[in-house]
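# Architecture at a glance
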Amino acid sequence: MSQETVFSASEAVCDPDGRVWGFDNLCPAGNGVVPTAMAAHVTLTGAVTAARTGTIERNRK
């Protein structure tokens, strides 16, 4: 099972907001949660994905 972001727990580890299905406080962030192959700047993509997940979590509280 990959960490792709999908819409059900039977398909992947993370939900669309970057949280692991079934856990409110577990958020792997980086290139592993990008739902497609990347051919461009992968470091920047991972950083932006992590920042997005952090922003979602901060605004949830």
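First things first, this report covers the structure right here in the doc. (Residues numbered from 1 in each chain as written. Predicted model: local features only at pLDDT ≥ 70, side-chain atom pairs only at ≥ 80, totals over all residues. Heavy atoms only, no water.)

Right, let's get into the side chain of Thr53. Residue position: Thr53 is located in helix H1 (residues 42-60). On the basis of relative accessibility, which here comes to 4%, the residue Thr53 falls in the buried class. When near neighbours in sequence (up to four residues on either side) are disregarded, Thr53 contacts Asp17, Gly18, Cys27 and Ala29. (Helix = DSSP H or I, 4+ residues; strand = E, 2+ residues; numbered from the N terminus. Buried < 20%, exposed > 50% of the residue type's maximum accessible area, 1.4 Å probe, protein only. Contact = heavy atoms within 4.5 Å.)

The next thing to look at is the side chain of Thr49. Structurally, the position occupied by Thr49 is in helix H1. Accessibility expressed as a relative area gives 18% for Thr49, which makes it buried. Within the local environment of Thr49, its side chain forms a polar contact with the backbone oxygen of Thr45, the two atoms lying 2.8 Å apart. Aside from chain neighbours lying at most four places away, what touches Thr49 is Gly30, Val33 and Val34. (Polar contact = N/O pair within 3.5 Å; in protein donor to acceptor, adjacent residues only side chain to side chain.)

The values reported here are purely geometric and, on their own, carry no functional implication.
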